[in-house]
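Topology and contacts: notes
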Amino acid sequence: MSEVFSKNQKIIVHVPLHVRKWGGKRVVVGPQGQDLRHLDLQIRKDEKLLKALARSYRWQKHLLTGRYKNMEEMAVAEKINKSYMQRMMRLMLLSPKIIESILDGNQPDEFGLTDVEKPFSPLWCEQERHFGFSSTND
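The structure presented is a predicted model; accordingly, all values stated were derived computationally and were not measured.

Note on backbone geometry: most residues besides glycine have negative phi, and most peptide bonds are trans. The backbone of Lys 79 sits at a positive phi, close to 60°, despite the residue not being glycine. What makes Lys 79 exposed here is its relative accessible area of 76%.

Structure (structure tokens):
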């Protein structure tokens, strides 16, 4: 049996792949730019965005049930900056289509938590268009 490698030989394997950032994580994109995230749907879920969405719903529930009188009282009790809480509460204004996409991990690549921290239209169709959730079929 002959030996394939000698002491000083090296084999270098080049695998063409691209890495993109998605929700604070790095994601592998195929050599021709194809989206490989469908292979692992868990990777597509933006954990920061999901956590902020859950918190905003919880905070909204606290206000509606009277647990806290106002945002200021709740911010003190939760030990969270009031302005941060107000920015995150904007998630409550998102269209059902956007919220469902976030929960399913189907939001556009460009969409993230920083997008909802800035003011946006209360009209759902304008939100979907602005954030890239509209398709030509809609």
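Attention now moves to helix H4 (residues 82-89). Along H4, the positions that sit buried rather than exposed are Met 85, Met 88 and Met 89. Within H4, the buried residues cover an arc of 100° as seen down the axis, which keeps them to one side. The inward-facing, buried residues of H4 abut helix H2 (47-65), helix H3 (71-78) and helix H6 (113-117).

So, on to the packing of H2 against H3. Where H2 meets H3, the closest approach of the two axes is 11 Å, and the angle between their N-to-C directions is 125°. Judged by the angle between their axes, H2 and H3 are oblique. Regarding H2 and H3, the two cross each other, and that crossing is right-handed. Here Arg 58, Trp 59, His 62 and Leu 63 of H2 come into contact with H3, specifically with Met 71, Met 74 and Glu 78. Classifying every residue of the contact of H2 with H3 by side-chain character gives four nonpolar, one polar and two charged.

Below, the discussion takes up the pattern of salt bridges. Per the stated rule, a full pass over the model turns up two salt bridges. Notably, a salt bridge pairs Arg 58 with Glu 78, separated by 3.2 Å at the nearest N-O pair. One end of the pair, Arg 58, is in helix H2; the other, Glu 78, is in helix H3, and 20 residues separate them in sequence. The class for Glu 78 is partly exposed, based on a relative accessible area of 22%. Between Glu 72 and Lys 82 there is a salt bridge, with its nearest N and O atoms 3.8 Å apart. Taken together, the residues Glu 72 in helix H3 and Lys 82 in helix H4 connect sequence positions ten residues apart.

With that out of the way, let us pick up the packing of aromatic side chains. Pairs of aromatic rings are described using the distance from one ring centre to the other and the angle between the two planes. Within the structure shown, the criterion is met by three aromatic pairs. Relative to Phe 131, the ring of Phe 111 lies with its centre 5.0 Å away and its plane at 65°, an arrangement referred to as edge-to-face. With Phe 111 in the loop between helix H5 (96-104) and H6 and Phe 131 in helix H7 (residues 124-131), the pair connects residues that are 20 residues apart, well separated along the chain. For Phe 111, a relative accessible area of 4% translates into the label buried. With a centroid separation of 5.4 Å and 70° between ring planes, the pair formed by Phe 120 and Phe 131 is classed as edge-to-face. Of this pair, Phe 120 sits in the loop between H6 and H7 while Phe 131 sits in helix H7, and the two are eleven residues apart along the sequence. The residues Phe 120 and Phe 131 share a single accessibility class, namely buried. An aromatic cluster of at least three residues, connected via ring pairs, comprises Phe 111, Phe 120, Phe 131 and Phe 133.

Rules used throughout
- Residues numbered from 1 in each chain as written.
- Predicted model: local features only at pLDDT ≥ 70, side-chain atom pairs only at ≥ 80, totals over all residues.
- Heavy atoms only, no water.
- Buried < 20%, exposed > 50% of the residue type's maximum accessible area, 1.4 Å probe, protein only.
- Helix = DSSP H or I, 4+ residues; strand = E, 2+ residues; numbered from the N terminus.
- Arc of directions from axis to C-beta.
- Contact = heavy atoms within 4.5 Å.
- Axes fitted to C-alpha atoms, helices over the stretch in contact; angles between N-to-C directions.
- Parallel < 35°, antiparallel > 145°, perpendicular 65-115°, else oblique.
- Left-handed = near helix turned anticlockwise from the far one by under 90°.
- Nonpolar A, V, L, I, M, F, W, Y, C, P; charged D, E, K, R; others polar.
- Salt bridge = Lys/Arg side-chain N within 4 Å of Asp/Glu carboxyl O.
- Phe/Tyr/Trp six-rings, centres within 6.5 Å; stacked < 30°, edge-to-face > 60°.

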